[in-house]
Amino acid sequence: MVSVAKDELYRLIEALPDKETPVVKRFLEFVLIRSKTEDQAWLEAELSELPPYEWGPEGPPKGKPVRYEAGP
């Protein structure tokens, strides 16, 4: 199922003059490449050296303890 936003994009693209479609195509390709580059940067990021999180004066929120149960 196509979302409303994509339906609107299709409508707008169909309404474009033919001479403008290459510009839109290049822009959409740019957006896709940038998105993939950002995703790859996150996947390759070294996150083990992050500073500890600052919880503020109240400290970490209270929660239920986690219990490990071995099994299949």
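Relevant structure appears above.
These numbers come from a predicted model, not from an experiment.

Time to look at the overall build of the protein chain. When its secondary structure is counted, the protein chain shows 2 helices and 0 strands. Taken over the C-alpha trace, the protein chain has a radius of gyration of 23 Å; the compact-globule value for 72 residues is 11 Å, which it surpasses by more than 25%. For the protein chain, the spread of C-alpha atoms along the principal axes amounts to about 60 × 35 × 30 Å. Counting across all 72 residues of the protein chain, residues that qualify as buried make up 0%. Approximately 7,700 Å² of the protein chain is accessible, and the part contributed by carbon and sulfur atoms is 62%.

Now for the packing of aromatic side chains. Applying the stated rule across the entire model yields 1 aromatic pair. Here Tyr-53 and Trp-55 contribute two aromatic rings whose centre-to-centre distance is 4.7 Å and whose plane-to-plane angle is 70°, an arrangement assigned as edge-to-face. Owing to a relative accessible area of 61%, Tyr-53 belongs among the exposed residues under this scheme.

Applying the stated criterion across every chain, the model contains 4 salt bridges. We note a salt bridge from Arg-11 to Glu-8, for which the minimum N-O separation is 2.6 Å. Residue Arg-11 and its partner Glu-8 are both found in helix 1 (residues 4–15); the two are separated by 3 residues, about one turn of the helix. A relative accessible area of 48% places Arg-11 in the partly exposed class. For Glu-8, a relative accessible area of 37% puts it in the partly exposed group. Measuring nitrogen to oxygen at the nearest pair gives 2.5 Å for the salt bridge that ties Lys-25 to Glu-29. In this pair, Lys-25 and Glu-29 are both assigned in helix 2 (residues 21–44), 4 residues apart and thus about one turn of the helix distant.

Turning next to the environment of Pro-65. Looking at the element boundaries, Pro-65 is found in the segment after helix 2. Remark: the alpha-carbon pair of Pro-65 and Val-31, spanning 34 residues in sequence, is separated by 43 Å.

A cluster of nonpolar side chains, Leu-9, Leu-12, Ile-13, Phe-27, Leu-28 and Phe-30, forms an exposed patch at the surface whose accessible area comes to about 550 Å². Mapped by element, the contributors of at least two residues to the nonpolar patch are helix 1 and helix 2.

What counts, and where the lines are drawn
Counting of residues starts from 1 at the beginning of each chain's written sequence and follows it residue by residue. Two thresholds apply to this predicted model, a pLDDT of at least 70 for residue-level local features and 80 or more for giving and counting side-chain atom pairs, whereas whole-chain, interface and lining totals are computed over all residues. To get the side-chain values, take all heavy atoms of the structure and skip hydrogens and water. Secondary structure elements follow DSSP: runs of H or I of four or more residues count as helices, runs of E of two or more count as strands, with numbering from the N terminus. Throughout, the radius of gyration refers to the C-alpha atoms, and the reference size of a globule is 2.2 Å times the residue count to the power 0.38. Exposure is judged per residue with a 1.4 Å probe applied to protein chains only, and the accessible area is read against the type maximum: over 50% gives exposed, under 20% gives buried, and values in between give partly exposed. Here the Shrake-Rupley method, with its probe set to 1.4 Å, supplies the accessible areas, and only the displayed protein chains count as covering residues. Only Phe, Tyr and Trp rings are paired, with Trp represented by its six-membered ring, and only when their centres lie within 6.5 Å; those with planes under 30 degrees apart are stacked, over 60 edge-to-face, the remainder tilted. A pairing counts as a salt bridge when a side-chain nitrogen of Lys or Arg comes within 4 Å of a carboxyl oxygen of Asp or Glu. Each patch is built from salt-bridge-free residues with over 30% relative accessible area, joining like charges within 9 Å and nonpolar side chains (Val, Leu, Ile, Met, Phe, Trp, Tyr) within 5 Å.

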